[in-house]
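Observations on the three-dimensional arrangement
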Amino acid sequence: MSFLTRTKGATADDLVTGKGPKEGILSRGAALLIMCVFTLYFLVPIWWLFIASTKDRGQLLTTPSLWFADFNLFNNIKDLLDYNDGIYVRWLGNSLLYAGVGAVLATILASMCGYALAKYSFRGRELLFNVVLGGVLVPATALALPLFLLFSQVNLTNTIWAVLLPSIVSPFGVYLSRIYAASSVPDELIEAARLDGAGEVRTFFTVSIRLMVPALVTVFLFQFVTIWNNFFLPLIMLRSQELFPVTYGLYTWNTQLNQIPELRTYVLVGSLLSIIPLIIAFLLLQRFWRGGLGAGSVK
Amino acid sequence: MTTDVVDPTAQRSRRGRSVQKPRRGQTHRSAVAFFAAPFGVLFLLFYLVPIGYAVWQSLLVVERDGTYGAPQEVFGWFAQYALVLQNAPFWESVLRVLLFGVVQVPVMLGLALLFALLLDSPVLKGRKFFRLAFFAPYAVPGVIAAIMWGFLYSPNLSPFTDVTRAIDFLSPELVLWSIANVVTWVFVGYNMLIIYSALLAIPSEVYEAARLDGAGQIRIAWSIKIPMVAPAIVLTAIFSIIGTLQLLAEPQVFRSFSSAVSSTFTPNMTVYATNSIPNINLAAAFSVVLALATFVLSFTFLKITQRKAD
């Protein structure tokens, strides 16, 4: 929770003492009111999901939606995990595999390339950078279909690789790493490492990469979220439900609600559980990644 | 993992942009190859080759010898693109997402900017709580958010049955805006945080002169803060434009809740539906048109805003 305790060094706060009488209680109240109303807007749906997950099927419709009835959350979770030989756990594991492994590899590759673009001058550097930058603007869904056609020619559709391989390429990560490496890894430091006899690769992995941590965390989180939320790629690539990520699995359950009404509880409880890994990732990494977040936008 | 967060902008303004001077007499060709090649190769394989392949596929047509002959792919120039032009559902879906974007993107970014300015202003208390509360929906994947709101909109399940019985959020007239609300709900906090980070990077000295001149907080926000975070707003706008044209998960989920959402509701859904028929060549042509449109729109937006800034 260290993210919560971080405050900026010098803010407009410092100027409070000089503010005019007009910005008194009235604007304070107005600001607080706006923020409180929107807090309800943002949190009530999540609260509802939590409450709905604690109810059994009968009470879902008959008791007030925003408050507890009999507390059945743990029974519901147990039923969810048992349903269909525990397919839900499988989906959650798949999501963690796709997003975790994909984002780690994407971060390493993107930071290396961004670093090369920032710190070395070589022929074709600007061309490479511009092509990668163009890649940021290419919608991922426009790539999904041709990837499916290509993968089907090498028999890779409906495998883990069909989702994992395209996920480890992050043009936005390269862009962010380049900007960040240019501003936070001093040339003098690289020169000093060279004078000490360290090779370029060693310099990167022992010195430079530490200075790039906020950018690395940002790239990792950005890619993790992108893969976790990706819908078109699994939709188009995967047929066997053992390979589904959790979002796609819940989507297929949701489409069957008319035929199998008892799935409703599983969809709700499953949705609630599926949000938790991302919230944990954000809370753990926020203090690092907020530093890198602004880097892409200021240039 | 105890490294302090380094403020990138503070360093950049000090160091300027001269960081990347070529070092004469020293080439590090093998190092560059080592660093850039892994990404470069994968970028080629999973970005450039698929784009090229989509373009190629979109130029082919399937022909048969007679009525029962084996299908054969032959080069057909722009035959698929002629079909794209004539495809009314596709253009309806394009107009639909454009309408969606024209309304949803300004509303979302306006709110994100308002929240970021309030978070940054001295009149607000409890900003850490609000920052976290507003950002929380971003942890909810689009599919899950759509499922959740789908239940909230449903007349029977909703906690707000009085409202949902009076207003049919899933009707043909309203369902597009109900989906817009889901997208806004998920992404406002994310955009707010990007703009807020840019606000934090403004050195406080900048405000001092304005304050001496007697400018209030609103005046400072309007004349200093907003112009200074314009690049961040442009970035969020471009990502939002791309996101709008890619709209897929939310409307696809809403098909379970509302019959008003057709299988060709958005361009991407049209691509998916065409691909499953299967008409691969036409689907490829749709993809290419869509990618070009996204590219042109975001690029044009970038150029217009840059010209204004000069």
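All values reported here derive from a predicted model rather than from experimental measurement. (Residues numbered from 1 in each chain as written. Chains lettered and ligands numbered in written order. Predicted model: local features only at pLDDT ≥ 70, side-chain atom pairs only at ≥ 80, totals over all residues. Heavy atoms only, no water.)

So, on to the overall build of chain B. Of regular secondary structure, chain B possesses 14 helices and 2 strands. Rg of the C-alpha trace for chain B: 25 Å, well past the compact-globule value of 19 Å for 310 residues, more than 25% over. For the C-alpha atoms alone, the extent of chain B along its principal axes is close to 85 × 75 × 40 Å. Taken across its 310 residues, chain B has 52% of its residues classed as buried. Carbon and sulfur atoms provide 65% of the accessible area of chain B, an area that totals close to 14600 Å². Placing the 22 positive and 15 negative side-chain charges of chain B at their respective mean positions leaves the two points 13 Å apart. (Helix = DSSP H or I, 4+ residues; strand = E, 2+ residues; numbered from the N terminus. Rg over C-alpha atoms; globule rule 2.2 N^0.38 Å. Buried < 20%, exposed > 50% of the residue type's maximum accessible area, 1.4 Å probe, protein only. Areas by Shrake-Rupley, 256 points an atom, 1.4 Å probe, with all protein chains shown as cover. Lys, Arg positive; Asp, Glu negative; His and termini not counted. Charge placed at Lys NZ, Arg CZ, Asp CG, Glu CD.)

Residue and element names in this part refer to chain A. Partitioning chain A into domains gives domain 1 (29-70) and domain 2 (85-290). Taking the mean C-alpha position of each, domain 1 and domain 2 sit 32 Å from one another. With 8 residues of domain 1 at the interface, the matching set in domain 2 holds 9 residues. For the domain 1 and domain 2 pair, buried surface summed over both sides reaches about 740 Å², with 78% attributable to carbon and sulfur atoms. Ranking the residues of domain 1 by area buried against domain 2 places L49, S53 and R57 at the top, with a combined share of 59%. Applying the counting criterion to the domain 1 and domain 2 interface returns 0 salt bridges. Taken together, the connections running from domain 1 to domain 2 amount to 0 residue pairs in polar contact (both at pLDDT 80 or more). Sorting the residues of the side of domain 1 that touches domain 2 by element identifies helix 2 (25-53) and helix 3 (57-62) as the ones contributing at least two each. By residue number, the principal contributor to the side of domain 1 that touches domain 2 is helix 2, which donates 5 residues. Each residue belonging to the side of domain 1 that touches domain 2 can be placed in one class, and the counts come to 5 nonpolar, 1 polar and 2 charged. (Domains from an automatic or database assignment. Contact = heavy atoms within 4.5 Å. Buried area = accessible area lost by both parts, 1.4 Å probe. Salt bridge = Lys/Arg side-chain N within 4 Å of Asp/Glu carboxyl O. Polar contact = N/O pair within 3.5 Å; in protein donor to acceptor, adjacent residues only side chain to side chain. Nonpolar A, V, L, I, M, F, W, Y, C, P; charged D, E, K, R; others polar.)

Here the focus is the environment of A:A110. Within the fold, A:A110 resides in helix 4 (residues 73-119). For the pair formed by A:A110 and A:I236, sequence separation is 126 residues and the distance between their alpha carbons is 26 Å. If near-sequence neighbours (up to four positions away) are discounted, A:A110 is found in contact with A:S170, A:G173, A:V174, A:S177, A:V219 and B:F39.

With that settled, the discussion passes to the side chain of B:N281. Relative to the helices and strands, B:N281 resides in helix 14 (residues 280-309). In contact with B:N281, other than residues within four places in its own chain, are B:Q57, B:S58, B:L60, B:V62, B:E73 and B:Q80.

Taken together, the 5 bridges between strand 1 (residues 60-64) of chain B and strand 2 (residues 71-75) of chain B define a ladder with antiparallel strand orientation. Residue B:E63 lies in a different strand from strand 2 of chain B, and its bridge partner there is B:Q72. (Pairing = 2+ DSSP bridges.)

Moving on, we get to empty space enclosed by the protein. Empty space among the atoms becomes apparent when a probe as large as a water molecule is rolled across them. Under the criterion given, the structure shown has 5 cavities of 30 Å³ or more. Looking at the largest cavity, its volume works out to about 1300 Å³. Considering the residues around the largest cavity, the lining is formed by 50 residues, among which A:A140, A:T226, B:I242, B:G243 and B:Q246 are closest to the centre. Its residues assigned to classes, the lining of the largest cavity shows 33 nonpolar, 16 polar and 1 charged. (1 Å grid on protein atoms, 1.4 Å probe; cavity = no way out; pocket = protein on both sides within 12 Å on 5 of 7 lines; lining within 4 Å. Points joined across faces, edges and corners; volume = space filled by probe spheres on them.)

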